[in-house]
Amino acid sequence: MTSNLKTSPKKIVITGGPGTGKTTLINELERRNLICIPEISRQITLEARSNGIEYLFLNDPLLFSKLLLEGRENQYLEALKLDADIIFFDRGIPDIHAYMNHTETQFPKIYIQKSEKYKYDSVFLLPPWEEIYTTDDERYESFEMATDLYQHLKHAYTELGYNILEVPVGEINFRVDFILDNVKPN
């Protein structure tokens, strides 16, 4: 007798400070026909900018974080409905409070509670990589700030009990293969 029970997809977070090659890595996973849930912070930033708020994260970090939390929670729940063995998330819910700790912003306990409620199966952390680091209109952090943020990301996921796998720097196929070699379908 076969079972028609659908298993939940394996939920994999790809995270790291800004300028670590995360977007390039996600794009390569998508090119290989893997399902990736996009980062939404740039979208929130651009929407705020269109409403006259140049840097929402800097002007109102709690509002920005609230919008991120709502968006990432919705992404998580929608991902559970997908027919896939593995789903990659471009950042996870714990990234939000890691960023707030990085900026020394006080935040309500709901951020930790949501991070504890919505668990991921694996977390891959991209380390700072000065040779490829650049800034742009949405990325204002210096390399030193990005390195500090990396430490906050590592701490946030570790505090939640995750075993973090650090993705080595190197050519994109090497990095993607490292992740895929360390992720097995359900």
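So, a few notes on the structure that sits alongside this text.

Rules of the game
- Residues numbered from 1 in each chain as written.
- Predicted model: local features only at pLDDT ≥ 70, side-chain atom pairs only at ≥ 80, totals over all residues.
- Heavy atoms only, no water.
- Buried < 20%, exposed > 50% of the residue type's maximum accessible area, 1.4 Å probe, protein only.
- Helix = DSSP H or I, 4+ residues; strand = E, 2+ residues; numbered from the N terminus.
- Pairing = 2+ DSSP bridges.
- Core = buried A, V, L, I, M, F, W, Y, C linked by side-chain atoms within 4.5 Å.
- Axes fitted to C-alpha atoms, helices over the stretch in contact; angles between N-to-C directions.
- Parallel < 35°, antiparallel > 145°, perpendicular 65-115°, else oblique.
- Left-handed = near helix turned anticlockwise from the far one by under 90°.
- Contact = heavy atoms within 4.5 Å.
- Nonpolar A, V, L, I, M, F, W, Y, C, P; charged D, E, K, R; others polar.

Among the five residues of strand β3 (residues 86-90), five are classified as buried, and the element is accordingly described as predominantly covered. Of the two faces of β3, the one holding Ile86, Phe88 and Asp90 and the one holding Ile87 and Phe89 are both buried throughout. Note that strand β1 (residues 10-16) and β3 share five bridges and pair parallel. Looking at β3, one finds that Lys10 is bridged to Ile86. As paired elements, strand β2 (residues 35-37) and β3 share three bridges and run parallel to each other. Residue pairing for β3: Ile35 is matched across the bridge by Ile87.

Core analysis: the largest hydrophobic core is formed by 30 residues, its most contacted members being Phe89 and Tyr120. Listed in part, the 14 residues of the second largest apolar core include Ile26, Leu29, Ile86 and Phe124.

Turning our attention to the packing of helix α1 (residues 22-31) against helix α8 (residues 172-181). One can describe the packing of α1 onto α8 by two numbers: an axis separation of 10 Å at closest approach and a directional angle of 70°. Accordingly, the angle class assigned to the pair α1 and α8 is roughly perpendicular. For the pair α1 and α8, the crossing hand works out as right-handed. Contacts between α1 and α8 pair Thr24, Leu25, Glu28 and Leu29 from the former with Ile172, Asn173, Arg175, Val176, Ile179 and Leu180 from the latter. Classifying every residue of the contact of α1 with α8 by side-chain character gives six nonpolar, two polar and two charged.

Once that is clear, we can look at the sheet that holds β3. Spatial strand order, β2-β3-β1-β4-β5: five strands in an open sheet with parallel pairing. Either end of the sheet is taken by a strand with one partner, and the two such strands are β2 and β5 (164-166). For this sheet the average axis-to-axis angle between neighbouring strands, irrespective of direction, equals 25°. Sitting on the sheet, helix α4 (residues 61-79) touches β1, β2 and β3, and the angle it makes with β3 is about 170°.

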